[in-house]
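Observations on chain architecture
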Amino acid sequence: MKNNWWKVLAVVLLTYGFYFGLMGEVPRRNILNESIRNVYFHVSLWFATTLFLLTSAIYSIRYLRSNNLTDDIKAVEFTNVALLFGALGCATGSLWARVTWGDWWPNDPKLNSVAISMLMYFAYTVLRSSLEDEQKKARISAVYNIFAFAVFIPLIYILPRMTDSLHPGNGGNPAFGEYDMDNQMRRVFYPIIIGWMLLGTWIATLRIRVRALTSND
């Protein structure tokens, strides 16, 4: 139990976040109305996704320095978790777009950048499956992963801010934190971000252990 406190914390934070995210009071805003609750889920999922992709890139750098396949496995599994969380982020974002903009996926720079980023990381998994030699697979995919993250950051967080966009925080639109979120929302928003990050780390560590066990058989 001593080493599993963070897993318990993940469950507690997500339970707290889901309960108050769905049942708690939220500020009434034009157009958004009750859909502002999706800030707790959609935005927090993308924060967690970005952290997992950063972690994956760090392990890829470590692999290139050490040639230790364990680092490569960690890079792969954190990318897999990021793809899962990214897919959930896309799903919650698409639902939100339908409610607020009337379209499941409008032709918007931010949304298109997200689609390109997801395809870029799906290509990473395809690249790995096309190579058989473990060291060659690890080396080539590590280089790809590092460059993919270097493209991901400007693609998601910089370029959409430079063009017209419906998405909050982009194209001159204010971000949610400036006008829409109050202190009560922040008391739910920040814990649920930590909860998602801990849950994703938990999933990744489980998958890493499973791969280590199967490779030893």
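It should be noted that the structure appears before, not after, this text.
The sections below set out a description of the structure shown in this document. Since the structure is predicted, the reported quantities are computational estimates derived from the model, not experimental observations.

We now examine the pattern of salt bridges. The final tally for this structure, using the stated rule, is 5 salt bridges. The residue arginine 211 makes a salt bridge to glutamate 77 at a minimum N-O spacing of 2.9 Å. In this pair, arginine 211 is assigned in helix 7 (residues 183–216) and glutamate 77 in helix 3 (residues 69–101), connecting sequence segments 134 residues apart. One salt bridge in this structure joins lysine 137 and glutamate 134, with 3.7 Å as the shortest N-O distance. Separated by 3 residues within a single helix, lysine 137 and glutamate 134 lie in helix 5 (residues 134–158), roughly one turn from each other. Where salt bridges share partners, they join Glu77, Arg207 and Arg211 into one cluster.

Right, let's get into the side chain of aspartate 71. Residue position: aspartate 71 is located in helix 3. The class for aspartate 71 is buried, based on a relative accessible area of 5%. Setting aside residues up to four positions removed in sequence, aspartate 71 forms contacts with Tyr59, Arg62, Tyr63 and Ser66.

Turning our eyes to something else, we now look at a nonpolar patch on the surface. Taken together, the side chains of Tyr16, Phe18, Tyr19, Phe20, Leu22 and Met23 present a nonpolar region at the surface, about 620 Å² in accessible area. Looking at where tyrosine 16 falls in the secondary structure, it is placed in helix 1 (residues 5–23). Judged by relative accessible area, tyrosine 16 falls into the partly exposed class, the value being 31%.

We now examine the packing of aromatic side chains. In this description, a pair of aromatic rings is defined by centroid distance and the angle of the planes. One pass over the full model with this rule turns up 15 aromatic pairs. Aromatic side chains phenylalanine 52 and phenylalanine 85 sit 5.3 Å apart centroid to centroid with 85° between the ring planes, which places their arrangement in the edge-to-face category. One end of the pair, phenylalanine 52, is in helix 2 (residues 42–66); the other, phenylalanine 85, is in helix 3, with 33 residues separating them in the sequence. Here phenylalanine 52 matches phenylalanine 85 in class, with each residue buried.

What follows covers the nonpolar core. Tyr40, Phe52, Phe85, Tyr121, Phe152 and Trp196 are the most contacted members of the largest nonpolar core, which totals 39 residues. Residue assignment for this core shows that the elements contributing at least two residues are helix 2, helix 3, helix 4 (109–129), helix 5 and helix 7. Ranked by residue count, the leading element in this core is helix 3, at 9 residues. The residues touching tyrosine 40, leaving out its near neighbours within four places in the chain, are Phe20, Gly21, Val26, Met185, Val188, Phe189, Ile192 and Trp196.

Cut-off values and rules
Residues numbered from 1 in each chain as written. Predicted model: local features only at pLDDT ≥ 70, side-chain atom pairs only at ≥ 80, totals over all residues. Heavy atoms only, no water. Salt bridge = Lys/Arg side-chain N within 4 Å of Asp/Glu carboxyl O. Helix = DSSP H or I, 4+ residues; strand = E, 2+ residues; numbered from the N terminus. Buried < 20%, exposed > 50% of the residue type's maximum accessible area, 1.4 Å probe, protein only. Contact = heavy atoms within 4.5 Å. Patch = residues over 30% accessible without salt bridge, like charges linked within 9 Å, V, L, I, M, F, W, Y side chains within 5 Å. Areas by Shrake-Rupley, 256 points an atom, 1.4 Å probe, with all protein chains shown as cover. Phe/Tyr/Trp six-rings, centres within 6.5 Å; stacked < 30°, edge-to-face > 60°. Core = buried A, V, L, I, M, F, W, Y, C linked by side-chain atoms within 4.5 Å.

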